[in-house]
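A closer look at the structure
Next come the chains, spelled out residue by residue.
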Amino acid sequence: MPTAEARHVGSGKVREIFTVGDDALLLVASDRISAYDVVMREPVPDKGKVLTGLSAHWFEATASLCSNHMISVAARDLPDVGLDDLPGRAMLCRRAEPLPVEFVVRGYLAGSGWREYRATGRVCGHALPDGLREADRLPRPLLTPATKATSGHDENITEAEAASICGPASYEAARDRAVAVYEHAAAAAAARGIIVADTKFEFGLIDGEVVLIDEALTPDSSRFWPADTYVPGRGQPSFDKQYLRDWLDRSGWDHSPPPPALPADVVAATRARYVEAYERLTGRSLNDYLTGVAA
Ligand SMILES: Nc1ncnc2c1ncn2[C@@H]1O[C@H](COP(=O)(O)OP(=O)(O)OP(=O)(O)O)[C@@H](O)[C@H]1O
Ligand SMILES: [Mg+2]
């Protein structure tokens, strides 16, 4: 594996993507952080390792519920792509043909789900009881698909639309797996005082099989709420970014680039929250994860 040729094929807001030979990808999570859709100039040390470590944790924990694309996060398996400090932040993955739909699972009413419910009483075609408040728990977790917008914001669609985009068999397999993985993670997180309000999954086809790809249950793809401050009827603080958003709000910044320079103590406090998210969700120290990948 390490000898296959690697080629840089894309940059997300946060990750760099390389193809490795014909069948594999290397996803590398940087320490970049965005708030209000703007990337800050200062990196948050170890943030990328937290994101990749969390994905690896959930892929391992749910492999019996749903096969996934992870090959390895071990340093010895990583190809040289000309970047420093890869171990911990890089995941070697099986390359899939992505289904062009985002599989959002919602256990609670927040974000675009709350906005759609308030306007129509429904979310992505699912009828819901009257009188739900913002951040209320839903009667059962719902799959609320969205298109993958190449520019601008993703758009919620109905399950019927998603099934016609993906093909009904692939759609249903991905939906059932998404809900099963969410339910596993929500129960595990609840036992550690964290609510997984909602999360976004991506699926792809590998040799005709529907496989979980991309990242899984990270702060970038999920809303994590501390259970001890949960009060429905208002927006909830997010576990990871609320501290940074609060600081940015107090700074008077108008959310257009360039962002204000982050003082060292704000960066350090933000880093501590990411590390705490990793450690609470996995029950493992970040150092233990990093020692494991280096072995
Ligand atoms: N196993 C895989 N096979 C093929 N493509 C994959 C696989 N895993 C992830 N991808 C794709 O790799 C890309 C990862 O991009 P990334 O999430 O870093 O940026 P983005 O989605 O373009 O933007 P954003 O920063 O808003 O998330 C996505 O297009 C995802 O669908
Ligand atoms: Mg993405």
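Our structure is the block above this text.
Procedures and definitions
- Residues numbered from 1 in each chain as written.
- Chains lettered and ligands numbered in written order.
- Predicted model: local features only at pLDDT ≥ 70, side-chain atom pairs only at ≥ 80, totals over all residues.
- Heavy atoms only, no water.
- Helix = DSSP H or I, 4+ residues; strand = E, 2+ residues; numbered from the N terminus.
- Buried < 20%, exposed > 50% of the residue type's maximum accessible area, 1.4 Å probe, protein only.
- Core = buried A, V, L, I, M, F, W, Y, C linked by side-chain atoms within 4.5 Å.
- Contact = heavy atoms within 4.5 Å.
- Near = heavy atom within 4 Å.
- Polar contact = N/O pair within 3.5 Å; in protein donor to acceptor, adjacent residues only side chain to side chain.
- Areas by Shrake-Rupley, 256 points an atom, 1.4 Å probe, with all protein chains shown as cover.
- Pairing = 2+ DSSP bridges.
- Axes fitted to C-alpha atoms, helices over the stretch in contact; angles between N-to-C directions.
- Salt bridge = Lys/Arg side-chain N within 4 Å of Asp/Glu carboxyl O.
- Phe/Tyr/Trp six-rings, centres within 6.5 Å; stacked < 30°, edge-to-face > 60°.

Along the chain, Ala277 turns up in helix H6 (residues 264-282). On the accessibility criterion, Ala277 (2% relative accessible area) is buried. With 250 residues separating them in the primary sequence, Ala277 and Leu27 have C-alpha atoms 21 Å apart.

Looking at soluble globular proteins, one finds that nonpolar side chains tend to be buried together. Ranked by size, the top nonpolar core spans 71 residues in total, and within it Met40, Phe103, Phe201, Phe203, Leu244 and Leu248 carry the most contacts. Here the element with the most residues in this core is helix H4 (residues 168-190); it accounts for ten residues. Those residues within four positions of Phe203 in sequence are excluded, and the remaining contacts are Cys66, Pro98, Leu99, Phe103, Ala174, Arg177, Ala178, Val210, Val211, Leu212 and Ile213.

Residues in contact with ligand 1 amount to 14 residues; listed here are only the nearest, Lys13, Arg15, His69, Arg94 and Glu202. Ala96 is positioned with one of its backbone polar atoms (N or O) 2.9 Å from a nitrogen atom of ligand 1. Glu202 has a polar side-chain atom sitting 2.6 Å from an oxygen atom of ligand 1. Protein coverage of the free-state accessible area of ligand 1, which is 630 Å², stands at 72%.

All right, on to the sheet that holds strand S7 (residues 90-94) then. Within the open sheet, the five strands sit side by side as S1-S2-S3-S7-S6. Their pairing is antiparallel. Each edge of the sheet is formed by a strand with only one pairing partner; in this case those strands are strand S1 (6-11) and strand S6 (70-72). Geometrically, the sheet is characterised by an average inter-axis angle of 35 degrees between neighbouring strands, direction not taken into account. Relative to the sheet, helix H1 (residues 47-61) contacts strand S3 (24-29), S6 and S7, its axis offset from that of S7 by approximately 40 degrees.

Across the six residues that make up strand S2 (residues 15-20), a large majority, five, are buried. Sheet analysis places S1 next to S2, joined by five bridges and oriented antiparallel. When the sheet's bridge partners are listed, Arg7 is paired in S2 with Thr19. The antiparallel pairing of S1 with S2 creates a hairpin that spans three residues between the two strands. Joining the antiparallel neighbours S2 and S3 is a turn of three residues, in which Gly21 adopts a positive phi near 60 degrees.

With that settled, the discussion passes to unusual backbone geometry. Residue Pro258 follows Pro257 across a cis peptide bond; omega there is 0 degrees. Mapping Pro258 onto the fold places it in the loop between helix H5 (242-251) and H6. Look at Asp46: it is not a glycine, yet its phi comes out positive at around 75 degrees. Structurally, Asp46 can be placed in the loop between strand S5 (38-39) and H1. A residue is classified by how much of its surface remains accessible, and Asp46, at 19% relative accessible area, is buried.

Summed over the entire model, instances satisfying the criterion amount to 17 salt bridges. We note a salt bridge from Glu202 to Lys148, for which the minimum N-O separation is 2.8 Å. Of the two residues, Glu202 is situated in strand S14 (residues 194-206) and Lys148 in the loop between strand S13 (146-147) and helix H3 (159-166); the sequence distance between them amounts to 54 residues. Overall, Lys148 belongs to the partly exposed group, its relative accessible area being 27%. Across the pair Asp288 and Arg284 runs a salt bridge, and its minimum N-O distance is 2.8 Å. The class for Asp288 is partly exposed, based on a relative accessible area of 40%. Shared partners join several salt bridges into a network, and the residues in it are Asp31, Lys49, Asp85 and Arg89.

What follows deals with the packing of aromatic side chains. Across all of its chains, the model carries nine aromatic pairs by this definition. Relative to Tyr171, the ring of Phe103 has its centre 5.5 Å away and its plane inclined at 25 degrees; by these criteria the two rings are stacked. Of this pair, Phe103 sits in strand S9 (residues 101-108) while Tyr171 sits in helix H4; the two residues are 68 residues apart in sequence, bridging distant segments of the chain. Take Phe103 and Tyr171: they sit in the same class, and that class is buried. Among the aromatic residues, ring-to-ring pairing joins Phe103, Tyr171, Phe201 and Phe203 into one connected group.

Note that all results are geometric; they support no functional claim without further evidence.
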